[in-house]
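# Coordinate analysis (summary)
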Amino acid sequence: MSSSHSSSSLAPSARVVSFEEARHLVERHAVGVCPGDVETVDLLAGLGRVLAEGIVADRDFPPFARATRDGYAVQAADLAQVPTRLEVLGEVKAGDWPDPEKCSVGRGQAVGIMTGAPLPAGADAVVMVEYTSLLDKTAGTVEVEIRRSLKSGENFVPRGAEARAGQLLLDRGRRLDHAGIAIAASAGKSRVQVFRKPRVAVLSTGDEVVEIDAAPGAAQIRNSNSYSLAAQVQNAGGEAVRLAIAPDERRRLRQLIEEGLGCDLLLLTGGVSMGKYDLVEQVLGELKADFYFTGAEIQPGRPVVFGTCSKKYFFGLPGNPVSTMVTFELFARPMIAALAGMTPQPLIFLRAQLKSEIRTKTGLKRFLPAVLSGEFENAEVELARWQGSGDIATLARANCYVVIPPERGRIEAGEWVPVLMR
Ligand code: AMP
Ligand code: MG
């Protein structure tokens, strides 16, 4: 797609789309991107990284028929009538391999067994110790009384029931979390192949913005966006490259944009609104960028921009700190995930019960900072009382966003509303 330029300025013609269309546009582009090289890391260093290899079962899972209860390995048919008595041949602990000579369970026989131990030959069920009583030794034999019948197959997992040797346990493209780490560990993967993290350039713009360790002048503000964005980038599986602050001046802005285009993705903040000094789109236009959208019908974050320039994707995020954070989550995150090699995931909102009524203007889809509370099944949510999209103090105390559809001007307390977790 190419942008059309007016004669007076190189800014793209406006293309404002609905939230869903904007998100789908990003997702469609994200499908086509290639992740970086593959590297091999120690398993724990793979936490949060994206698998570049599938994790394959190196043996059957479980590798033997595994007891899931402490009790007695038996033949279920022996327990058709209860109570009944069985001869106890011996015991198998976890880590023991049952000796087939001594511990094969025949009719009328049982073997004591512990959780995690292999089921001895001949047995087809495990009766829980709670339903048994070990009887006194009589003439050298040990007997157990069993008070509960059971079905063949109860209380053990057959060999290979979870996975067969050679079967795929975890797909390439999965981001490793603790459960993925557990799977890899159980398949003996002390080192895993993961994709290199995509390098994401973060470029803040604005004449009023200064570095965080500088003393700000009366009309200056510290560059919080580069830091919140860098944190979000890391969280999303990328490596943030923070560039110098760009002033609202074409030449230097252009230089820094060109520098940022050396990374896998460029995130700009500020300078995408309608102001006289909002130069980001103009400069990108001069650099022959293609714009896929130049606004989304959302609040906060309406001026958000998405496109490509020099074969790299970029997002122009509005400079208001809350807008920056929200538009990152909604649009930049799936692109970073794709560049990191992750299999695409749809955006899912959870639901919580609204604590107090919301009244708002219609026409835009709203993502309003909110506090999710309640306990267990009682998720409740309430809007944070914020002063608009610059209010990071309130946002820092919030923990989610309430999602309000464009047509809803009023939502009653008690209604279940969609929530975007932060
Ligand atoms: P802009 O999108 O450039 O019009 O900026 C909107 C608002 O966000 C202004 O109040 C800016 O001062 C503020 N802002 C822009 N960039 C940053 C930044 N890097 N860190 C914190 N606030 C910013
Ligand atoms: Mg600005």
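Just so it is clear, the structure is predicted and the values come from calculations on it, not from any experiment. (Residues numbered from 1 in each chain as written. Chains lettered and ligands numbered in written order. Predicted model: local features only at pLDDT ≥ 70, side-chain atom pairs only at ≥ 80, totals over all residues. Heavy atoms only, no water.)

With that out of the way, let us pick up the side chain of Thr324. Inspection of the secondary structure assignment puts Thr324 in helix α7 (residues 321-339). Leave out the neighbours within four places in its chain, and Thr324 touches Asn225, Leu229, Thr269, Leu317, Pro318 and Gly319. (Helix = DSSP H or I, 4+ residues; strand = E, 2+ residues; numbered from the N terminus. Contact = heavy atoms within 4.5 Å.)

To continue, consider the sheet that holds strand β10 (residues 142-146). Taken in spatial order, the six strands line up as β8-β5-β7-β6-β10-β9 in an open sheet, and their pairing is mixed. Because the sheet does not close on itself, it has two edges, and the strands there are β8 (125-128) and β9 (132-134). Neighbour-to-neighbour, the strand axes of the sheet open up by a mean angle of 40°, direction not taken into account. As paired strands, strand β5 (residues 71-74) and strand β7 (residues 109-113) are joined by three bridges and run antiparallel to one another. In the strand pairing of β7, Gly71 is matched with Ile113. (Pairing = 2+ DSSP bridges. Axes fitted to C-alpha atoms, helices over the stretch in contact; angles between N-to-C directions.)

This paragraph deals with the packing of helix α1 (residues 19-31) against α7. Where α1 contacts α7, the axes come no closer than 9 Å and their chain directions differ by 10°. In terms of orientation, α1 and α7 fall into the roughly parallel class. Where α1 abuts α7, its residues Phe19, Ala22, Arg23, Val26, His29 and Ala30 lie against Glu329, Leu330, Phe331, Pro334, Met335 and Ala338. Considered class by class, the residues forming the contact of α1 with α7 number nine nonpolar, one polar and two charged. (Parallel < 35°, antiparallel > 145°, perpendicular 65-115°, else oblique. Nonpolar A, V, L, I, M, F, W, Y, C, P; charged D, E, K, R; others polar.)

In this section: the pattern of salt bridges. Proximity of charged atoms lets side chains of opposite charge pair with each other. Inspection of the entire model under this criterion finds 23 salt bridges. With a closest N to O distance of 2.8 Å, Asp60 and Arg159 form a salt bridge. Taken together, the residues span a long stretch of sequence, with Asp60 in the loop between β3 (55-56) and β4 (66-67) and Arg159 in the loop between β11 (156-157) and β12 (168-170) at a distance of 99 residues. Here Asp96 ties to Lys93 by a salt bridge, and the two come within 3.9 Å at their closest N and O atoms. The class for Asp96 is partly exposed, based on a relative accessible area of 27%. Judged by its relative accessible area of 45%, Lys93 falls in the partly exposed class. Within this structure, Arg250, Arg254, Glu258 and Glu286 form a network of salt bridges that share partners. (Salt bridge = Lys/Arg side-chain N within 4 Å of Asp/Glu carboxyl O. Buried < 20%, exposed > 50% of the residue type's maximum accessible area, 1.4 Å probe, protein only.)

Before going further, it helps to examine a nonpolar patch on the surface. On the surface, a cluster of nonpolar side chains totalling about 290 Å² of accessible area is made up of Ile348, Leu350 and Met421. We classify Met421 as partly exposed; its relative accessible area is 35%. (Patch = residues over 30% accessible without salt bridge, like charges linked within 9 Å, V, L, I, M, F, W, Y side chains within 5 Å. Areas by Shrake-Rupley, 256 points an atom, 1.4 Å probe, with all protein chains shown as cover.)

Okay, the pairing of strand β30 (residues 416-421) next. Here strand β24 (residues 350-354) runs beside β30; their pairing, made up of four bridges, is antiparallel. Bridge assignment links Ala352 to a residue of β30, and that residue is Val417.

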